[in-house]
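Here is how the chains run, residue by residue.
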Amino acid sequence: MTDFREAVIDLGAVQANVQHLRRLIGTRHTMAVVKANGYGHGAVPVARAALAGGADWLGVADIDEALALRAAGIDAPLLAWLHGPDADFDAAITAGIDLGLSSAAQVRRAADAASRLGRIASVQIKLETGLNRNGVDEADWAEVLGLAAAFERVDRLRVRGVFSHLANTSAADDDAAILAFGRGIAAATAAGLTIDLAHLASTAAALRVPAARYSMVRLGIGIYGQSPFSDADSAALGLTPAMTLRSRVAAVRQVAAGAGVSYDYLWRAAADTVLALVPLGYADGVPRQAGEGAQVTINGRKHPVVGRVAMDQFLVDVGGHPVAVGDEVVVFGDPASGVPSAAEWGAAAGTINYDIVTRVGARVPRRYVDADAGTGDATGGQP
Ligand SMILES: Cc1ncc(COP(=O)(O)O)c(C=O)c1O
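None of these values were measured; they are calculated from a predicted model.

The rules behind each value
- Residues numbered from 1 in each chain as written.
- Predicted model: local features only at pLDDT ≥ 70, side-chain atom pairs only at ≥ 80, totals over all residues.
- Heavy atoms only, no water.
- Helix = DSSP H or I, 4+ residues; strand = E, 2+ residues; numbered from the N terminus.
- Rg over C-alpha atoms; globule rule 2.2 N^0.38 Å.
- Buried < 20%, exposed > 50% of the residue type's maximum accessible area, 1.4 Å probe, protein only.
- Core = buried A, V, L, I, M, F, W, Y, C linked by side-chain atoms within 4.5 Å.
- Contact = heavy atoms within 4.5 Å.
- Pairing = 2+ DSSP bridges.
- Salt bridge = Lys/Arg side-chain N within 4 Å of Asp/Glu carboxyl O.
- Expected span 1.5 Å × (residues − 1).
- Polar contact = N/O pair within 3.5 Å; in protein donor to acceptor, adjacent residues only side chain to side chain.
- Near = heavy atom within 4 Å.
- Phe/Tyr/Trp six-rings, centres within 6.5 Å; stacked < 30°, edge-to-face > 60°.
- Lys NZ or Arg CZ within 6 Å of the ring centre and 35° of its normal.

What to know about the overall build of the protein
At step 1: If you tally the helices and strands in the protein, you get 11 helices and 19 strands.
At step 2: Whereas a compact globule of 383 residues would reach a radius of gyration of roughly 21 Å, the protein reaches 23 Å, a difference of no more than 12%.
At step 3: Judged by the C-alpha coordinates and their principal axes, the protein covers about 80 × 40 × 40 Å.
At step 4: Residue burial in the protein is summarised as follows: out of 383 residues, 53% are buried.

Printed below as a string of structure tokens:
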């Protein structure tokens, strides 16, 4: 480690996770979701690793994220589905990015942009099936799909598919959404569209709801080796967590029984003890809300985090175990190697593993390795 904080990203794990999920799920197409800087792992290196693992589509939320992948030379099929009112459809169409469209206004805007550019925009229509975020309401399907079909007939748009997203609330809610999505596919066909791609499932439904698989699944959390379930961890799903958040002890201090620790004295030493200072804080993504149960590994042994997590640092009670400045600290990683998991940190902070990995801050350098290949550093540096 060159500095006192880093996130080590195992790209071999990402590739293997995609291969494993593809074998289990078996859809014709697999989209790797690399939005939000690849859930904090680095969108470009993760996208490359996922494509090497057999993903044939990439998915991001917005056009800027998609353009960044294109700027890095990634030319795989790519879908962006969340647009502000001024989103640059021209740039997306020019870069060959599929637009996920959620309204008649967006369909018109895409067709206008295509005609301005003298090109055909490739689009996928997002259908609302119960999540109540973006997506076309069922009452408007006939109108919006009909409009898209009309633009397809005059070579402004190519409607490649329809998609939606599940609420992951209950089996009954998923079933209702699957039924609604089926009506949406029928509505698209009735509008005269030939639907090549239909996709509804993200990692959770892709694994546990075969009826939601259709021709493609959109895999996010699973490719990073994290479980979307509270009743199955990464290992139970055959996945390897790709991110390890590491640091080094910056200071060691003896404190007497009764000593207050960090802001607000949320914790006081019950007996004389030794504290290790870890130079990572909420600016780096360590949740300030982390309470009981948050642990780190120092020199291969787990110790509790004590007191308030501050912006740049937090404290660990190492008791009587020998710890010195410079010793390695693992905040979370692959629990198979004896370190805390992102899910455990999520539980300790009242959140989920998605939030823990995605929030790792820009101040933490990402170092890319391929543990299986044993190469140490695969791509080096920042994405
Ligand atoms: C529309 C959409 N599809 C797929 C995903 C991937 O979900 P997951 O990370 O649970 O696989 C997300 C992530 O939130 C999403 O917003």
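Describing the nonpolar core
One recurring pattern in soluble globular proteins: nonpolar side chains tend to sit buried together.
At step 1: The biggest cluster of nonpolar side chains holds 120 residues, and the ones touching the most others in it are Leu69, Ile125, Phe314, Phe332 and Trp345.
At step 2: The element best represented in this core is helix α7 (residues 141–153), accounting for 7 residues.
At step 3: Leave out the neighbours within four places in its chain, and Ile125 touches Leu101, Val107, Val136, Val144, Leu145, Ala148, Val159, Gly161, Val162 and Phe163.

Concerning the pairing of strand β1 (residues 5–10)
At step 1: Most of β1 sits inside the fold, with 6 of its 6 residues counted as buried.
At step 2: On β1, burial covers both faces: Arg5, Ala7 and Ile9 on one face and Glu6, Val8 and Asp10 on the other are all buried.
At step 3: Both β1 and strand β10 (residues 243–248) contribute to a ladder of 5 bridges, which runs antiparallel. Across the sheet, Ala7 pairs through a bridge with Leu245, a residue of β10.

Points about the pattern of salt bridges
At step 1: In this structure the tally under the stated criterion is 13 salt bridges.
At step 2: Linking Asp90 and Arg116 is a salt bridge whose minimum nitrogen-to-oxygen distance equals 2.7 Å. Taken as a pair, Asp90 in helix α5 (residues 89–94) and Arg116 in helix α6 (residues 104–117) lie far apart in primary sequence, 26 residues in all.
At step 3: Classification of Asp90 by relative accessible area gives partly exposed; the value is 21%.
At step 4: Glu138 serves as the salt-bridge partner of Arg183, at 2.8 Å between the closest nitrogen and oxygen. Highlighted residues: Arg183 in helix α8 (residues 171–190) and Glu138 in the loop between β6 (121–126) and α7, separated in sequence by 45 residues.

Side note on helix α1 (residues 11–25)
At step 1: The end-to-end C-alpha separation of α1 is 21 Å, in line with the 21 Å expected for 15 residues at 1.5 Å each.
At step 2: Within the span of α1, buried status applies to Leu11, Gly12, Ala13, Val14, Asn17, Val18, His20, Leu21 and Ile25.
At step 3: On its buried face, α1 is in contact with β1, α3 (43–52), α9 (203–208), β9 (216–219) and β19 (366–369).
At step 4: Residue Asp10 occupies the N-cap position of α1, its side-chain oxygen lying 3.0 Å from the main-chain nitrogen of Gly12.
At step 5: Positive phi appears at Gly26, one or two residues downstream of α1, with a value of about 70°.

Let's talk about the site of the ligand
At step 1: In the vicinity of the ligand, 13 residues are found, and the nearest of them are Lys35, Tyr39, Thr203, Ile221 and Tyr354.
At step 2: In this structure, Lys35 approaches the ligand through a side-chain N or O atom, which is 2.7 Å from an oxygen atom.

Some words on the packing of aromatic side chains
At step 1: Summed over the entire model, instances satisfying the criterion amount to 5 aromatic pairs.
At step 2: Between Tyr39 and Tyr224 the ring centres are 4.7 Å apart and the planes differ by 20°, which places this aromatic pair in the stacked class. Taken as a pair, Tyr39 in helix α2 (residues 35–39) and Tyr224 in the loop between β9 and β10 lie far apart in primary sequence, 185 residues in all.
At step 3: Its relative accessible area of 9% is what places Tyr39 among the buried residues.
At step 4: Residue class for Tyr224 comes out buried when judged on its relative accessible area of 0%.
At step 5: In this structure an aromatic cluster arises from ring pairing among Tyr39, Tyr224 and Tyr354.
At step 6: Taking NZ or CZ as reference, Arg208 lies 3.6 Å from the ring centre of Phe229, over its face.

Remember, this is a structural readout, not a statement about activity or role.
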